[in-house]
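Structural characterization, general
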Amino acid sequence: VNPEGLNAKGEVDPKLTAEKVRETFERMGQDDEATVALIGGGHTLGKTHGACKASPGLSPAEAFKKRKPIWQSKCKGTVTSGFEGPWTHTPLEWGNSFFKDLLNYKWKPHVGQGGKMQYYAEEDKEKDLMRLTSDIALLEDKKYLSLVKKFARSPQAFNRAFDKAWEQLTTLNVGGEWAENTR
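Residues numbered from 1 in each chain as written. Predicted model: local features only at pLDDT ≥ 70, side-chain atom pairs only at ≥ 80, totals over all residues. Heavy atoms only, no water.

1. So, the pattern of salt bridges
This structure, assessed with the given rule, holds 6 salt bridges. Notably, a salt bridge pairs Glu33 with Lys150, separated by 2.8 Å at the nearest N-O pair. With Glu33 in helix H2 (residues 32-42) and Lys150 in helix H6 (residues 142-153), the pair connects residues that are 117 residues apart, well separated along the chain. Glu33 sits in the partly exposed class, given a relative accessible area of 26%. Here Glu122 makes a salt bridge to Lys108, at a shortest N to O gap of 3.9 Å. Within this pair, whereas Glu122 is found in the loop between strand S6 (117-121) and strand S7 (130-131), its partner Lys108 is found in strand S5 (residues 107-111), the two being separated by 14 residues in sequence. Owing to a relative accessible area of 26%, Lys108 belongs among the partly exposed residues under this scheme. When salt bridges with common partners are traced through the structure, they connect Lys20, Glu23 and Arg27 into a single cluster. (Salt bridge = Lys/Arg side-chain N within 4 Å of Asp/Glu carboxyl O. Helix = DSSP H or I, 4+ residues; strand = E, 2+ residues; numbered from the N terminus. Buried < 20%, exposed > 50% of the residue type's maximum accessible area, 1.4 Å probe, protein only.)

Here it is in structure tokens:
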């Protein structure tokens, strides 16, 4: 799924993006709860790195052929996504603040430092928290929104759903029955 989102009439459309998120995760055998848990889990720790417009670096295939580290770019050693900013104010701690902040802030679209469309939290004094259109899409779909609210209220529910979804994602037999069912 394009993290900038799908475009409708030249504008980013989180609602269209929600449909694509569901379609993509269903192809991987994930239901709505797993989808929201995996997105939130992936966006609970760390940050995006993307303020460099010079070069995103070599693709993994190019780096392998040239025997160069994949993370090297013209941006002082980091591969960049074009998106910039942390997901939470505690990027080194696991928790459900991604969901709380998604609900509690008003998210405004803008072109970030790396030249990509992303969202900032209007009420955040430091203006450093960010979201992708694919994150905002979780607010535009009734089923996803109910799960965002559930995980914001209950870190235990989030942890259980993430554990289950992560195990399914990482142990899925992609060469067997699942692959046959997706053709």
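2. Some details on the confidence of the model for the protein chain
When pLDDT is averaged across the protein chain, the result is 81; 73% of the residues are at 70 or more. No element of the protein chain has a lower mean pLDDT than helix H8 (residues 177-181), which averages 50, and none a higher one than H6, which averages 98. (pLDDT = per-residue confidence, 0-100.)

3. Considerations on the nonpolar core
If you look at the biggest cluster of nonpolar residues, it comprises 32 residues, and the most contacted ones within it are Val36, Phe99, Leu102, Trp107, Leu138 and Phe151. The set of elements that each furnish at least two residues to this core consists of helix H1 (14-27), H2, helix H4 (97-104), S6, H6 and helix H7 (155-171). Filtering out sequence-adjacent residues up to four positions away, Val36 remains in contact with Phe99, Leu138, Tyr144, Leu147, Val148 and Phe151. (Core = buried A, V, L, I, M, F, W, Y, C linked by side-chain atoms within 4.5 Å. Contact = heavy atoms within 4.5 Å.)

4. A look at the pairing of S6
Where S5 lies against S6, 5 bridges are found, and the strand directions are antiparallel. Bridging across to S6, Lys108 finds its partner in Tyr120. What sits between the antiparallel neighbours S5 and S6 is a turn of 5 residues, in which Gly115 has the positive phi angle 85 degrees. As judged from the 2 bridges shared by S6 and S7, these two strands associate in the antiparallel manner. Of the residues in S7, the one forming a bridge with Tyr119 is Arg131. (Pairing = 2+ DSSP bridges.)

5. Structural notes on the packing of aromatic side chains
Considering all chains together, one arrives at 9 aromatic pairs under this definition. Judged by centre distance (5.2 Å) and plane angle (10 degrees), the ring pair of Trp94 and Phe158 falls under stacked. Taken together, the positions of Trp94 in the loop between strand S4 (85-86) and H4 and Phe158 in helix H7 put the pair 64 residues apart, joining distant regions of the chain. Of the residues examined, Trp94 reaches a relative accessible area of 36% and is grouped as partly exposed. Between the aromatic rings of Phe99 and Phe158, the centroid separation amounts to 5.0 Å while the plane-to-plane angle is 75 degrees, which identifies the pairing as edge-to-face. Taken together, the residues Phe99 in helix H4 and Phe158 in helix H7 connect sequence positions 59 residues apart. (Phe/Tyr/Trp six-rings, centres within 6.5 Å; stacked < 30°, edge-to-face > 60°.)

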